[in-house]
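# Coordinates in review
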Amino acid sequence: MTTGATECLLQLYSDRHELEDYQKGVPRWCPGCGDNAILAAVQRLCRDEGLRPEKTVFVSGIGCSSRLPHYMRTYGFHGIHGRALPLAEGVRMSRPDLDVFVNMGDGDCCSIGAAHWIHAIRYNMNMTVMLHDNQIYGLTKKQASPTSPIGLRSNTTPGGAVLEALNPLTVTLGVQNASFVAQAVDWIPDVLYQIVSAAFHHRGFSFIRIVQRCPEWLPKMMDPWLQDPSRVLMLDHEDGIRLGPDLARVYKNQEKHDPSNIHRAREIASTLDPIPVGVLFRNDSVPCYEDLRHDDRLRTAELIGKGLDAEFDKFTVWPEGREA
Amino acid sequence: MRDGAPLVAFALSGLRPEGSPTAEGMRPVALARYHDLPGLRHDLPVVLVGASRTEEAVRSLSDVIDATAAKVGANADGAKLAVHARRIEEAVRRRVAAREAGRLTELVERTAQESEDPDFQSSARALKAGLVADGEVVDAGPDLATSLMRHLWRTAEAGKTRRFVQDAERLAFRLDGVLRAALVHTEAARAPDALRASVGTAFEEAFDFASLSRVVASSATPTTVSEARRHRIEGLLATIRGQRFFTNATASNGQAAHEFEFDRVEAALQAVRMREHEAVVLSKAMAMAELESEGRYDEHRHDPVFAAYGHGGLEGPDQERFPTPFVAVGAAAMTADEAEALLDVLGAGVPIKIVVQTDDLLGRGGEGLRRVADLAFAALRLGNVFVVQATASGLYRMRDRLARAMASPGPALICVYSGGAGTPKVAPYLAAEAAVEARALPVYCYDPTAGSDWRSRFSVADNPHPERDRVPHRFEYEEPGLARKSGEADFGWIELVALDGRFADSFWPVPAAEEVAAMVPASDCLDHAEFRPPDHLPFVFLIDDEDRLYRAVVESRLIAEAARCAERWRLLRELGGVENSHVRAAVAERERAWEERSHEPRTPPKVEEDPAEPTKVAPIESPSPTEPSSDEPYIETPRCTTCNECVAINKRMFAYNANNQAYIADATAGSFRELVEAAEGCPVAIIHPGKPRDPSEEGLAGLLERAAAFG
Ligand SMILES: Cc1ncc(C[n+]2csc(CCOP(=O)(O)OP(=O)(O)O)c2C)c(N)n1
Ligand code: SF4
Ligand code: SF4
Ligand SMILES: [Mg+2]
């Protein structure tokens, strides 16, 4: 198919963006917070993909991590605790022309937002989803989250957390229609970037669990992994991420893992130590909910008004003799 | 044996003595078996289904009834329903054969109404309710080709209309939104009445709108839409809403929509020319509206580009979104000039879909054949035209290709022979099939969108025995002594002519007792120029009503035309990759080379071992060549996590690179203490302070001790 003049004209003069075009304000995160690395990775992605700021939206819930949209010079929606995903689904459904990113904390996603998380996986709507997993409630000052390791002393578990931690990877891989599951750590920025990029390019619900350090409340927790590169298992594959020679020298513990192999992906997902890093699973053929439910009708004020009226009418108590 | 002179005279000139026998009442022996004709027609009639995709727009009646019976029968008395479904199908067939028009639901309903059997009626109604597809039912007949092709074309065009309407409405909606948003900032929108209207009825009395108007007017924000932009957007909206190419797109300016169905090539071409400019204007408006709706129209950049838009006409998707004219024309009604003009336009790539139909291949001096087959062959040579040559009887079999021809973006020429003229005793569809067998009208399809070479684009595979020059037939006949015998005969162009009653006197059937030695099969005369009267008299086998066999001498002028036909078939077949002379030569050459090589001693080919992929990648063990000497401070930048720690200590000393990862921008911009503190603070311990520059720095001994941990 040849390109028409119209298509050329639309692409003509598409502006080149620099990193600064995506940066806004000075992050208010604690020094050394892993959220900084995640911010740097997504800003780099936006620049490299030439995403138009007015066509890009970052949606979040509540938490330290959920402040990320504030630091992006794109559209953003700093939502309600636990509700980033339903908000993002709404954006995706009504504005398929936007690139949608979601940033959530572990409390946000795996605790109060867990039900939304499960169903969002099943809906498989096209969005890039980052779980900033610092294994603690950061913003509210150190309460245990579902991903806090057993024995962790926190303000809500002074005697140590009593339950085994929830594993976001195995949970995601257990849900029907999972189509992209990856894990990254905030301290290997090049790999973090590659994974975010692979997630962005996957059409569907691309879920990345990012092991994120919270130096404020859990200052030393990840040090053993930081200091010993062999405690990171790098998943290398042409359909996943590739390690450059510099990193390959440092991270020698590698496995060739084909992301289409869900059984091996589930095994890897269950591994806690070493921390697996890379694309665990990917299936490009899962349909996206927004495609299945695509509606050609224009969302005019009248149409929206009618829809809302119909919804409200379901709950309206009509005065005697004035039923709709 | 009789005197051959009158036969020679006949063969050479067509002159014959009064009362000499003709082929009147006879037919080619190859058709001996086809007494019972209707039994063959299984894929007709067809249902022209109202579908959104051309691939699903044509189905045979039997197919629709079978699928419906299977579906409905699954939750009813399947066996009885199947029996009734057969009867219903038969009844519908009879109706359409008797030229009764209607959609399938209507025909089934009428069939139900005419029955007195309540059981049958209930089956018919169940079938009607569950029909898997509905649409007009069309039988073989002079209109079949046009109806079917028009239906496919309309289906394809409806898709375009849908897409355009959707685009136009989306753009108009968004441009309206821009204007509406701009309006909010105008004085008119802040007038008391405008404010009252925007609040709605419930609070009409609750506000003092005059005061409110003063308040909002005082906080006036400047309008965001310039006068020029508003003007431009209004112009775009007017163009898009006033367009005449698609019906039911947005509002109309009252002018009638353009017509795209024609029955004259000339009229279609004229319409294409006249609307070209209008199409450019609309296409341009759509492109500008696309930019405007995104807020990306930049006068400085785009004005000059759009001023030149479409000067060379529309191309690619811009052109493809517009309706494609459809012309259905009878071959006889087309003038030679029109045919010429048509080829010009097709060659220029103007998208236009043309169906040329004839029911007469041989009449009026072979006019029909020339119009249809020659036109198709000429279009084939243009390379960019979707060409299908078909018979009405074979349309159903070729429906997928026809659908593609109508849905493809470029020009298409469909040449169809429906049969009928000159063969009153033979059903039209059989005459059409006979023309295919005779290679007078080989069926083929050339699809320029299917690939880049002849092999993927062109096919003659739908012809019977495509590998042969002529289609052989076994036949049985009665000898004068009533003995039954069998033999083999070709069916070619001359036999096709013999089928046509109008040419009966071009044949002179000779009873066995009167045969002359010079008589040779006509097919031999096609291949050898030396077979000529008077030494050779070409004949074909004919049989009469009682299946008696005759050798009938043929007028030699038919031989020339038959040779031309055979020639055309051979060329087409080669293009279709069947019996291709280049391929034959290449294969022969290969075989010869192989033969030669097979005499040389052979070395076994080396088999490369395929090492199993190791699951663990062994990393290369070698120190990084990029590591600087430990005297200079440095950062392992690729491992930096952008935590802000170091840059917060000294912005000039530590800086971020293009990827927001830290490096030492200026080692002299700060103290050794700062380097050591940054190294200690770095969460990933990638800052290496090196050696101090200033030996007099305060507390150096302690700092050196702390720095030792970072190499
Ligand atoms: C509905 C609701 N419940 C509780 C809270 C209080 N709250 C704010 S942030 C937070 C947890 C934050 O932890 P996490 O989601 O892991 O994000 P982090 O700060 O660690 O990045 C909670 C419980 C709230 N804001 N809203
Ligand atoms: S509290 Fe923890 S997660 Fe929150 S900003 Fe500080 S370091 Fe980051
Ligand atoms: S302290 Fe380390 S990780 Fe943080 S910005 Fe500086 S070099 Fe990067
Ligand atoms: Mg957290």
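In this text, all values refer to a predicted model and were calculated from it rather than measured experimentally.

Residues and elements named next belong to chain A. Pairing in this open sheet of nine strands is mixed, and the strands run β2-β1-β3-β4-β6-β5-β9-β7-β8 from one edge to the other. Every other strand in the sheet has two partners, leaving β2 (75-78) and β8 (254-256) as the edge strands with one partner each. Mean inter-strand twist for the sheet, computed between neighbouring axes without regard to direction, equals 20°. Relative to strand β6 (residues 205-211), strand β5 (residues 180-185) runs parallel, the two being bridged by six bridges. What sits directly across from Phe180, in β6, is Ser206. Strands in contact with helix α2 (residues 35-49) are β1 (56-60), β3 (99-105), β4 (127-133) and β6; relative to β4, the strand with the most contacts, it is inclined by about 165°. Docked against the sheet, helix α7 (residues 189-201) engages β3, β4, β5, β6, β7 (232-236) and β9 (275-282), running at close to 165° with respect to β5.

What follows covers the site of ligand 1. Residue and element names in this part refer to chain A. Taken together, 16 residues sit near ligand 1, with Cys64, Ser65, Asp106, Gly107 and Asp108 positioned nearest. Leu139 is positioned with one of its backbone polar atoms (N or O) 3.0 Å from an oxygen atom of ligand 1. The element that contributes the greatest number of residues to the shell around ligand 1 is helix α4 (residues 106-112), accounting for four residues. Of the residues that constitute the shell around ligand 1, the class distribution is six nonpolar, eight polar and two charged.

Our next topic: the nonpolar core. The biggest cluster of nonpolar side chains holds 73 residues, and the ones touching the most others in it are B:Val356, B:Leu413, B:Trp493, B:Ile494 and B:Phe507. Ranked by residues supplied to this core, first place goes to helix α15 (residues 363-382) of chain B with eight residues. Within the second largest apolar cluster, 70 residues are counted, among which are A:Cys46, A:Phe180, A:Val277 and B:Leu700.

So, on to the coordination of the magnesium ion (ligand 4). Residue and element names in this part refer to chain A. Note on the magnesium ion (ligand 4): its protein donors are Asp106 (OD), Asn134 (OD1) and Ile136 (O). The metal-donor distances range over 2.0 to 2.2 Å. Considered as a linear motif, the donors of the magnesium ion (ligand 4) on their single chain read D-x27-N-x1-I. We note that Asn134, like Ile136, is buried.

Moving on to the sheet that holds strand β2 (residues 46-49) of chain B. All names here are of chain B. One open sheet holds the three strands; their spatial order is β3-β2-β4, and the pairing between them is antiparallel. Looking along the sheet, the strands with just one partner apiece sit at the ends: β3 (58-60) and β4 (135-138). Pairs of neighbouring strands in the sheet enclose a mean axial angle of 25°, with direction left out of account. Judged from the three bridges that link them, β2 and β3 form a sheet pairing that is antiparallel. Bridge pairing in β3 places Val46 opposite Ser60. Each of β2, β3 and β4 touches helix α6 (residues 144-184); the most contacted strand, β2, lies at about 30° to it.

Taken together, 13 residues lie near ligand 3, and B:Cys640, B:Thr641, B:Cys643, B:Cys646 and B:Cys682 sit nearest. Classifying every residue of the shell around ligand 3 gives nine nonpolar, three polar and one charged.

Right, let's get into the side chain of A:Gln254. Within the secondary structure, A:Gln254 is located in strand β8. Engagement of the side chain of A:Gln254 in a polar contact is seen with the backbone oxygen of A:Tyr251, the distance being 2.9 Å.

So, on to the confidence of the model for chain B. Residues and elements named next belong to chain B. Per-residue pLDDT for chain B has a mean of 85; in total, 89% of the residues score no lower than 70. Throughout residues 36-40 the model reports pLDDT below 50, and contacts reaching past four residues in sequence, or to other chains, amount to seven contacts. Overall, residues 607-626 carries pLDDT values under 50, and its contacts beyond four positions in sequence, including any with other chains, amount to 18 contacts. Interface confidence for the predicted complex, given as ipTM, is 0.73, next to a pTM of 0.75.

Here is what the cut-offs are and how they apply
Residues numbered from 1 in each chain as written. Chains lettered and ligands numbered in written order. Predicted model: local features only at pLDDT ≥ 70, side-chain atom pairs only at ≥ 80, totals over all residues. Heavy atoms only, no water. Pairing = 2+ DSSP bridges. Helix = DSSP H or I, 4+ residues; strand = E, 2+ residues; numbered from the N terminus. Axes fitted to C-alpha atoms, helices over the stretch in contact; angles between N-to-C directions. Contact = heavy atoms within 4.5 Å. Near = heavy atom within 4 Å. Polar contact = N/O pair within 3.5 Å; in protein donor to acceptor, adjacent residues only side chain to side chain. Nonpolar A, V, L, I, M, F, W, Y, C, P; charged D, E, K, R; others polar. Core = buried A, V, L, I, M, F, W, Y, C linked by side-chain atoms within 4.5 Å. Buried < 20%, exposed > 50% of the residue type's maximum accessible area, 1.4 Å probe, protein only. Donors = N, O, S within 2.8 Å, 3.2 Å for Na, K, Ca; no water. pLDDT = per-residue confidence, 0-100.

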